[in-house]
Amino acid sequence: MKPDETVGYILKTVDYGDHGKILYAYTSSGIISAIARGVKKMHSPLRHLVQAGMLVTMHLSKSKFPTLKEASMVKYHQAIRNDIIKTTVASTVRELIYYNVNEHDDHPKLFNFVLKFLDVLDTTEAPLELLMVFEMKFLYFLGYGISFNRCSRCEVSEKLSLDLYTGMMFCEQHADENTSLIKHETYQPLQYYLHVDVLKFQPLKLNKTTQTILSNIIDSLYETHLSTKTKAKQLLKSID
Ligand SMILES: [Zn+2]
């Protein structure tokens, strides 16, 4: 890659003028935006590249609001494109990134993770479980990680329950005052999703009911901490 090139994962595009688009891409330095002129014209070589979900190398002009001069594809994730669940998982991830990262986050780290995540999403047989891997790690990345191993009120580390709304952990003694506690055997997979190396991810092959319960726990944590409800995830629930 040349020094003035950037690899970006296109999060979304909006129309600009008659034939152009503005693109928002996630890169190792955060979200960048650029104008892509003329890309909606039939003969534009960039027409198929400037689309949400594309992983591209971009050559940008050096102005305050840069123009996309050239682009080339880094990798085409065929299976993600061809599978409605995988496509929707990828859009959920893009929405989460677009609405929640800010300039002070560790972008090289998250970007590197996103690249690995997309490769695994392309090949996995369990895209919905893999989405939970992303969600658990992303929540932690944003500073709302769950400390699974200790009661939030004392030092006890056994028989802990998880509070559905706050993500706080409680031991048996401190549990009574709370009403929405989830037992260890139920939330255990979330612990695996949080800690697993994504490249070594092995699906737990959970049944549908368990998967739904866990997904609802995650949604509840996101609503509490980020007030986020992505459109893509709503869609995922309706098609799954
Ligand atoms: Zn306690």
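Residues numbered from 1 in each chain as written. Predicted model: local features only at pLDDT ≥ 70, side-chain atom pairs only at ≥ 80, totals over all residues. Heavy atoms only, no water.

Description of the overall build of the protein
- Secondary structure assignment for the protein yields eight helices and eight strands.
- Overall size of the protein, expressed as C-alpha extent along the three principal axes, is 65 × 35 × 30 Å.
- Per element, the accessible surface of the protein, about 12800 Å² overall, is 50% carbon and sulfur.
- Computing the positive centroid from 28 side-chain charges and the negative centroid from 26, the protein places the two 8 Å apart. (Helix = DSSP H or I, 4+ residues; strand = E, 2+ residues; numbered from the N terminus. Areas by Shrake-Rupley, 256 points an atom, 1.4 Å probe, with all protein chains shown as cover. Lys, Arg positive; Asp, Glu negative; His and termini not counted. Charge placed at Lys NZ, Arg CZ, Asp CG, Glu CD.)

Re the coordination of the zinc ion
- Protein coordination of the zinc ion is provided by Cys151 (SG), Cys154 (SG), Cys171 (SG) and His174 (ND1), with donor distances spanning 2.1 to 2.3 Å.
- Positions of the donor residues of the zinc ion, expressed as sequence spacing, correspond to C-x2-C-x16-C-x2-H. Residue cysteine 151 is found in the loop between α4 (127–141) and β6 (161–163), and its partner histidine 174 is found in helix α5 (residues 172–175); the two are separated by 23 residues along the sequence.
- Overall, histidine 174 belongs to the buried group, its relative accessible area being 16%. (Donors = N, O, S within 2.8 Å, 3.2 Å for Na, K, Ca; no water. Buried < 20%, exposed > 50% of the residue type's maximum accessible area, 1.4 Å probe, protein only.)

Regarding the domain arrangement of the protein
- The domain boundaries assigned to the protein delineate domain 1 (5–76) and domain 2 (80–239).
- Using C-alpha coordinates to define each centre, domain 1 is positioned 30 Å away from domain 2.
- Across the boundary between the two partners, domain 1 contributes 20 residues, which contact 14 residues of domain 2.
- Together, the buried faces of domain 1 and domain 2 total about 1500 Å²; carbon and sulfur atoms form 66% of this surface.
- At the surface where domain 1 touches domain 2, the tally comes to one salt bridge.
- Of the charged contacts, one joins lysine 75 and aspartate 119 as a salt bridge, the two residues approaching to 3.0 Å between their closest N and O atoms.
- Our count for the contact surface shared by domain 1 and domain 2 stands at five residue pairs in polar contact (both at pLDDT 80 or more).
- Going through the elements one at a time, β1 (5–16), β2 (20–27) and β3 (30–36) are the ones with two or more residues in the side of domain 1 that touches domain 2.
- With six residues, β1 is the single largest residue contributor to the side of domain 1 that touches domain 2. (Domains from an automatic or database assignment. Contact = heavy atoms within 4.5 Å. Buried area = accessible area lost by both parts, 1.4 Å probe. Salt bridge = Lys/Arg side-chain N within 4 Å of Asp/Glu carboxyl O. Polar contact = N/O pair within 3.5 Å; in protein donor to acceptor, adjacent residues only side chain to side chain.)

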